[in-house]
Number of protein chains: 6
Amino acid sequence: MAKIIGKEIPSLPWQDKPEGYRYPVWRYSLNPIVTRNNLYFSNSIFNSAVVPFRDGFAGVFRADMRTRDQVIVTGFSSDAINWTLNEKQIFKGYDPRICEIDGVYYLTWVKLTDKGTVIGVAKTKDFVDWEELEPASYPVARNGVLFPRKINGEYVMMIRPCDRGHTPYGDIFLMHSKDMVYWGKYRFVMSPVNNWEMTKVGAGPTPIETDEGWLVFYHGVITSCNGFTYSMGAALLDKDEPWKVLHRADSYLLAPHEYYECVGDVPNVVFPCAAMADSKTGRIAVYYGAADTSVALAFTTVDDTVNYIKEHDLIK
Amino acid sequence: MAKIIGKEIPSLPWQDKPEGYRYPVWRYSLNPIVTRNNLYFSNSIFNSAVVPFRDGFAGVFRADMRTRDQVIVTGFSSDAINWTLNEKQIFKGYDPRICEIDGVYYLTWVKLTDKGTVIGVAKTKDFVDWEELEPASYPVARNGVLFPRKINGEYVMMIRPCDRGHTPYGDIFLMHSKDMVYWGKYRFVMSPVNNWEMTKVGAGPTPIETDEGWLVFYHGVITSCNGFTYSMGAALLDKDEPWKVLHRADSYLLAPHEYYECVGDVPNVVFPCAAMADSKTGRIAVYYGAADTSVALAFTTVDDTVNYIKEHDLIK
Amino acid sequence: MAKIIGKEIPSLPWQDKPEGYRYPVWRYSLNPIVTRNNLYFSNSIFNSAVVPFRDGFAGVFRADMRTRDQVIVTGFSSDAINWTLNEKQIFKGYDPRICEIDGVYYLTWVKLTDKGTVIGVAKTKDFVDWEELEPASYPVARNGVLFPRKINGEYVMMIRPCDRGHTPYGDIFLMHSKDMVYWGKYRFVMSPVNNWEMTKVGAGPTPIETDEGWLVFYHGVITSCNGFTYSMGAALLDKDEPWKVLHRADSYLLAPHEYYECVGDVPNVVFPCAAMADSKTGRIAVYYGAADTSVALAFTTVDDTVNYIKEHDLIK
Amino acid sequence: MAKIIGKEIPSLPWQDKPEGYRYPVWRYSLNPIVTRNNLYFSNSIFNSAVVPFRDGFAGVFRADMRTRDQVIVTGFSSDAINWTLNEKQIFKGYDPRICEIDGVYYLTWVKLTDKGTVIGVAKTKDFVDWEELEPASYPVARNGVLFPRKINGEYVMMIRPCDRGHTPYGDIFLMHSKDMVYWGKYRFVMSPVNNWEMTKVGAGPTPIETDEGWLVFYHGVITSCNGFTYSMGAALLDKDEPWKVLHRADSYLLAPHEYYECVGDVPNVVFPCAAMADSKTGRIAVYYGAADTSVALAFTTVDDTVNYIKEHDLIK
Amino acid sequence: MAKIIGKEIPSLPWQDKPEGYRYPVWRYSLNPIVTRNNLYFSNSIFNSAVVPFRDGFAGVFRADMRTRDQVIVTGFSSDAINWTLNEKQIFKGYDPRICEIDGVYYLTWVKLTDKGTVIGVAKTKDFVDWEELEPASYPVARNGVLFPRKINGEYVMMIRPCDRGHTPYGDIFLMHSKDMVYWGKYRFVMSPVNNWEMTKVGAGPTPIETDEGWLVFYHGVITSCNGFTYSMGAALLDKDEPWKVLHRADSYLLAPHEYYECVGDVPNVVFPCAAMADSKTGRIAVYYGAADTSVALAFTTVDDTVNYIKEHDLIK
Amino acid sequence: MAKIIGKEIPSLPWQDKPEGYRYPVWRYSLNPIVTRNNLYFSNSIFNSAVVPFRDGFAGVFRADMRTRDQVIVTGFSSDAINWTLNEKQIFKGYDPRICEIDGVYYLTWVKLTDKGTVIGVAKTKDFVDWEELEPASYPVARNGVLFPRKINGEYVMMIRPCDRGHTPYGDIFLMHSKDMVYWGKYRFVMSPVNNWEMTKVGAGPTPIETDEGWLVFYHGVITSCNGFTYSMGAALLDKDEPWKVLHRADSYLLAPHEYYECVGDVPNVVFPCAAMADSKTGRIAVYYGAADTSVALAFTTVDDTVNYIKEHDLIK
């Protein structure tokens, strides 16, 4: 039995696995949970990240406005399902992740600059006052995802370098920092291997620490004659040398099958950005963008997912 | 209060704005209003234009047949919602607009020739007999849209030059003519500015004359990894020098959100081709192609739209 | 009245043409008939082929697994609508066709090799034991479709050469063999002619022998700004020189109009791979892949289709 | 014997055809005649046009500066071989042509605007004072070439519409104007037919009037795996309806064979922009850009060329 | 010491290796040996093949005419350096190879058809009367090269499938035939491995039989930002199973270094199409197209080349 | 009079500016100085860097071998013109720069890894023993160029992020490090501005310190229909905040005009990688790759170049 190392989250949202359902991840029955209706003047709200905060939950949400400008806003919820979003834009950019390290919440996101997108980094203690740090990369990079604690005394961030457009390739690398200002010791983590992710892979939620390694969900992309399809995979990384992949599922755990995932601004997208895990029950709630249009929720347990990864293991 | 300058159209179709709805344009609740079922052997009917005609309405419709040949047919209606289409093909081509000038109805459309598409021009008084004039352009151009009266003694037409394929760029220009045969004095009108229209813009319905300028709806295109998304924007042009943009909304007024706009031969298309305005009430009915599959209808008022443009004004 | 030359299939699935319906091919009302739910661990099941077998039906199904690996599995049915699929993968590859010649069932499919896809050939008498023959092509080719009997003493196969990607062109050729090992005497059959198939055409089901020629259904592709749309066309080929097209419909007979054809892993795909014909009644059941996601069923009669082809004949 | 209709040019540069040389066009032995050394701060001088002027010759030259900005400058010569260029830039843009009509010299060129290139039009009587007229096109067009007299009372200009980049297609059209302000009655003239010009064709020098029709030299482009190769072809157009091609050579008359044509900023370019013809002797001097780097000179006679066109006639 | 198995060719052209030259292949000092001047109306002559014939030599030459039509003509020579070409076009197409098998000369070439290029096959005994056989492939394939004797009772041909354009990939396959009509038993031979050939590889001259295997020269292509560069490599294939590569040089043996190889219609091309070997001396004369413009000649010996292949062997 | 801050290099190679020559940079009359003949088995030697070393000069050279593998080798010279290269490959990769900081020579180059190219960093004191440090970037980046001293206590490196191919864009950024292991504080330096560099710009030689700022030579790329052309530009950067451009020439200082720059593996390339400056005389020797084939040398003085930059200043 795999164990989650971390806090308990008693109010984690949950639905039991449907009877007869044979896969490790299942959808929330009332998806999507956040839509354009959650925020005036938004075109779509998706690819967003949430964390436990005080006695409830807080989140950073990608809102594409009716100008199709991309901004980050905050949101709050008592049950992590019904969210109240704040109209104030905290940063320009997209695909935010949020990661608590030692009581500080670090936001990483695809920051827009005049000269291309970089990995923006900011921190807050209250989701109101934000301090922006030096960006963690030069252009062009996306999918910067921090580990939730220092490893061997250093901050560690996954990153996916890319080009200026709808990049047709992508590997996950990671890098180290003593101070969140200077980064180095770049290491390769993973490339596309199987068909479902053959175009590119990129990091997803903040890794979940387990006794078997860092559990990471990530997105993989396959290209059809009609464009990209984004699905969600999973792997276990070494605790101390997290660029070493211990186990990795050969197949996706979630792919666009429902209409809200198949129809929207970008058809056929499942894009996970956050996963909250309750160390007591082993339950995990995964938040993912659906069709670049809304935020949806899925469930799994650490056992379900770790077992699946090991049974469908790419790493021999 | 903005005022429409022009005729009254007492029988203009109408539904009140839904309660609590905060945007300037809202959809007809029974959309789409014209589908492939309106014409035998058609694959799809969309991107079509209508005008008041005698005691009802007439229209020119883009019908793509089951050969996927593109033709223009006429249609008639007493309420501008329920349309009877005529199987006779009046011209080959697509994306027709219809514009009344001094009692004559001018059709402009993307005319197919052996050597590429041009702006075809034809006129009629009765929607039965059509006289074709010289094309208004050499290949390749699309989205030729006439102003509904001469300006400074000259006909004025907007036009969007393009390449031979699914052109990845597009600006709106306009040009002048004394006789609808020779055209010149080309002027730049607008380029893409904001994200929602970043790939290209093109003229839409015949401009509506108001006391604040020419109200134009137009389409803008954004490119995702899965292709183009077409939305509708709006601007006000100078009455006498209509290539001067007085005000222009920074955001779309209508974008593909409903399934009939998101699913079809070309997913995610809202493409306005006509707008009828009632000078008495200020009501405007916008006709747009949905997903390159059917014709849909939306409503606004001159106040709703002009106020929106000014509040979200790109022009400083 | 056109006549089918071949066996009777009393248990052929059937629904009468809906009243008032004016086209030659109509859909089964309970489509799709095979979905990802028919096979554990499959991502999608589509582009599959069936034949009468013993006192029921057997089929070869394209199953894309959750790895997005493409495999061929067998399936069996008593009514040709409800199918039981076998988890055992008989070959790697996709888009299988199955053709009975003299009591032997020949499978042709897009076989994956290290060096590109080829036309794989295998045979069976019982759908359990398969003998693989030499591939019928070098890389890269797809859509290898056998005729159901020797013609002038030789096996004949249609084939569509292509490139390594989502090939933007495609013609149908055919070739001859005395022994299913060596192939030659390549002949051109057809190219795209009309808009609905302008990007490429490829063979579909095993040809149906009629007194008017070989009735072939095939797929044609049109490219929009958002990718490919696949539809189904039909033609009649010369009985003795089957590379000669006697009649060919100018328009599609089936195109993606229903949601299960428009939404899925590849939106807007109708891809026919099998057609069973009952010589007694002239009824034909066409099996086609829908949106690269599921298998659907449509009906026609030899008269409906042959008449349509002749009335909408491209060949003058 | 074909006859040139027009002025005598006694001082036309000339070298006799080399003995044994069997083609209709031969090079000047001291090519190139104008290089970057003719103008300080120029990167290259090419694609330029000249005319008889007063008792010598004047020209408009494309000079790409060391910024690689493209400008038009004037030049003067007594022998049409040795040129003195004027550093003053008269217009921004490239590929100028110069055409005398009734004592006025009309310059047409690819004018740069903020919104793309158009056909600029300007006139002068002395090559010092220039009056710019309305551009003859909206963006994007190139290779605007005037006929040297009105035809049926109207100015006639050839034009090649294109896209915003290194356009991979191109046909020659022509258009009419009563006043050089408004243009219309667009007519197709020619498309690529043979391999040597398969990518695109565009007008070259001002047409030469002969008793057999308008003699036009033009450029054609073929695409190899290493880019474009530009060569020069020739045709005869109808005197009164100049969009009708009477005769057209099936092959080029000059192609990049010499090092100064094969090596330079753009390898493998022969791009004719001017041809002066002496009606007395039938001699023709053709000026062409070589490798986008320098100006070169070639010779022919009206007989040589007209005979060649007729003997190698594409038009049956 | 490697030995050539085959005829003696006493009059094989020859120059000794330049002193101090350290590579296995060296150029003829008077290159190129055939140019456009060898044939009236030709634009270029290159990629051509020669064989001993009667008491001298005969060849098949690719001539691109001034139309840029591609044709095959014959040529004859007493010394294999000075060639007289025959203006008569024997076939349309390009890149011919010529192979003697049992006293019959087989021509294979890239035959042009309405529907794409195929491997044309023809035979002659006298280079005057040619009998065309069935093409050896459907479209699109190039570089069909026969082995000079049957192997295990079957003709064997190498082939490089490709797409319709300047194909950006390419492997060498081979296939078997009992009768030069039907082909099958396709086998993979080689893919690009090293940088110098990374884009594609294709067969070159008729293989040379040696006691160590079939010695094949082939071309490999690397892509720079300015297009393709073609060089010549070499390998030894198994005598009985010639799809098995025994040894293969890791580097090119000849690449475009001289101006006549670097400048021309396609810069940077060395494309070998023939190699004549004298079994007595071990001398080999390689004929190659240079810059798609002319034919050049290089020398080696079987020892030089075989030793080089083994010393720089890719196969471990 | 601008002054170079740094060492004297009495043996710096030199030729006076040719009489009448009006540009700031002139070529060495015996170019190229290093060719493929300098190293056995090399295909080409270019894009190389040199520094004063002991009583002569040392260099790091890009050698592309006949496999077209790219390696770095060392070379030594007493006069900086005649070079002896060492066959031993010190690193895999290309485009090396060498920079002395406090008596240590730092090599930066485009290091090849399994997962793309990175900025490799190594150091030596003797050009024999090399210690490799952590790479300074994740993939993909090129043109990493160090400043020759710490600025505000930190190492500073220019870098040009790119994509995996022949990247069609490129800006110069810089970054800081306290230890050459961790990098951060990324700053934008410059983008393409003028036509001659419109596709991309990248850093060139180690910056030269002057009393007016850091003098940098860099390369800029323009794209023609036949590919890229590389030229050399120059700018002055702020001494303390070197991402601030004080002055920048609007035009190139050296572009491919000579045959050895226009003809070769990549036609039309001038690519500077090193510049040695003598503080006593103000003389500068610039080393640049020519046509991706050989190393060439050019001269200027700090006055010539600084004056030129200021007279042709982009920065207003």
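Reading guide: rules and limits
- Residues numbered from 1 in each chain as written.
- Chains lettered and ligands numbered in written order.
- Predicted model: local features only at pLDDT ≥ 70, side-chain atom pairs only at ≥ 80, totals over all residues.
- Heavy atoms only, no water.
- Pairing = 2+ DSSP bridges.
- Helix = DSSP H or I, 4+ residues; strand = E, 2+ residues; numbered from the N terminus.
- Contact = heavy atoms within 4.5 Å.
- Axes fitted to C-alpha atoms, helices over the stretch in contact; angles between N-to-C directions.
- Least-squares fit on C-alpha atoms with pLDDT ≥ 70 in both.
- Buried area = accessible area lost by both parts, 1.4 Å probe.
- Salt bridge = Lys/Arg side-chain N within 4 Å of Asp/Glu carboxyl O.
- Polar contact = N/O pair within 3.5 Å; in protein donor to acceptor, adjacent residues only side chain to side chain.
- Phe/Tyr/Trp six-rings, centres within 6.5 Å; stacked < 30°, edge-to-face > 60°.
- Buried < 20%, exposed > 50% of the residue type's maximum accessible area, 1.4 Å probe, protein only.

Asks: So what about the sheet that holds strand β19 (residues 283-290) of chain E? Which residues, and what values?
Replies: All names here are of chain E. The four strands are arranged β1-β20-β19-β18 in an open sheet whose pairing can be described as antiparallel. Here the strands that pair on one side only, and so sit at the sheet edges, are β1 (26-27) and β18 (270-277). Helix-sheet contacts for helix α2 (residues 302-311) involve β1, β19 and β20 (294-301), and the interaxial angle to β20 is about 80 degrees.

Asks: Tell me what's going on with unusual backbone geometry, and back it up with residues and numbers.
Replies: The bulk of non-glycine residues show a negative phi, and the bulk of peptide bonds are trans. Residue Pro 139 of chain B is joined to Val 140 of chain B through a cis peptide bond whose omega torsion reads 5 degrees. The topology assignment puts Val 140 of chain B in the loop between β8 (130-132) and β9 (141-146). Pro 32 of chain C follows Asn 31 of chain C through a cis peptide bond whose omega is -10 degrees. Summarising the element assignment, Pro 32 of chain C is placed in the loop between β1 (26-27) and β2 (42-53). The phi dihedral of Ala 80 of chain B is positive, around 65 degrees, even though this residue is not glycine. Inspection of the secondary structure puts Ala 80 of chain B in the loop between β4 (70-77) and β5 (84-101).

Asks: Could you give an account of the relation of the copies chain A and chain F, naming the residues involved and the relevant values?
Replies: For the pair chain A and chain F, the best superposition has an RMSD of 0.0 Å and corresponds to a rotation of 180 degrees with a translation of 0.0 Å parallel to the axis. Such a combination of rotation and displacement between the chain copies is what one expects of a two-fold axis. Mapped onto chain F, 100% of the interface residues of chain A are again interface residues, and the two copies thus contact each other with one and the same surface.

Asks: Can you explain the arrangement of the chains? Please cite residues and give values.
Replies: There is a clear gap between chain A and chain E: no contact, and 17 Å between their nearest C-alpha atoms. A gap remains between chain B and chain F, with no contact made and the closest C-alpha atoms lying 17 Å from each other.

Asks: Help me get a handle on the interface of chain B and chain D, residues and values and all.
Replies: The interface of chain B with chain D comprises 30 residues on the first partner and 30 residues on the second. Across the interface of chain B and chain D, roughly 2600 Å² is buried in total on both sides, 60% from carbon and sulfur atoms. Three residues, Tyr 138, Tyr 182 and Tyr 186 of chain B, lead the burial of chain B against chain D; their summed loss comes to 33% of the area buried on that side. On the surface where chain B and chain D come into contact, there are four salt bridges. Across the pair Asp 171 of chain D and Arg 164 of chain B runs a salt bridge, and its minimum N-O distance is 3.0 Å. At the boundary of chain B and chain D, one finds twelve residue pairs in polar contact (both at pLDDT 80 or more). Secondary structure elements with two or more residues in the side of chain B that touches chain D: β10 (155-161), β11 (172-177) and β12 (182-190) of chain B. As defined by bridge partners, β12 of chain B adjoins strand β12 (residues 182-190) of chain D across three bridges and the pair is classed as antiparallel. Looking at β12 of chain D, one finds that Trp 183 of chain B is bridged to Trp 183 of chain D.

Asks: Before we move on, can you summarise the side chain of Asn 47 of chain E with the specific residues and values?
Replies: All names here are of chain E. Topologically, Asn 47 is positioned in strand β2 (residues 42-53). In this structure the side chain of Asn 47 is engaged in a polar contact, spanning 3.0 Å, whose partner is the side chain of Asp 95. In this view, Asn 47 contacts Arg 62, Asp 95, Pro 96, Phe 271, Cys 273, Gly 289 and Asp 292; residues no more than four positions away in its chain are not counted.

Asks: Give me the lowdown on the packing of aromatic side chains, citing residues and values where you can.
Replies: Following the criterion strictly, the structure yields 141 aromatic pairs over all chains and no others. Seen in terms of ring centroids, Tyr 186 of chain B and Tyr 138 of chain D are 5.4 Å apart; in terms of plane orientation they differ by 80 degrees. Their pairing is edge-to-face. Remark: Tyr 138 of chain D occurs in the loop between β8 (130-132) and β9 (141-146) and Tyr 186 of chain B occurs in strand β12; the pair is interchain, linking two chains. A residue is classified by how much of its surface remains accessible, and Tyr 186 of chain B, at 10% relative accessible area, is buried. In textbook terms, an aromatic cluster arises when at least three aromatic residues are bridged by ring pairs, as seen for Phe 53, Phe 76, Phe 91, Tyr 105, Trp 109, Phe 127 and Trp 130 of chain A.

Asks: Could you give an account of the pattern of salt bridges, naming the residues involved and the relevant values?
Replies: Tallying each qualifying case throughout the model produces 96 salt bridges over all chains. For Lys 239 of chain A, the salt bridge goes to Glu 209 of chain A, with nearest N and O atoms at 3.5 Å. One end of the pair, Lys 239 of chain A, is in the loop between β16 (227-237) and β17 (245-248); the other, Glu 209 of chain A, is in strand β14 (residues 208-210), and 30 residues separate them in sequence. Accessibility assignment for this pair places Lys 239 of chain A and Glu 209 of chain A in one class, buried. Lys 111 of chain E is the partner of Glu 132 of chain E in a salt bridge, and the nearest nitrogen-oxygen pair spans 2.8 Å.

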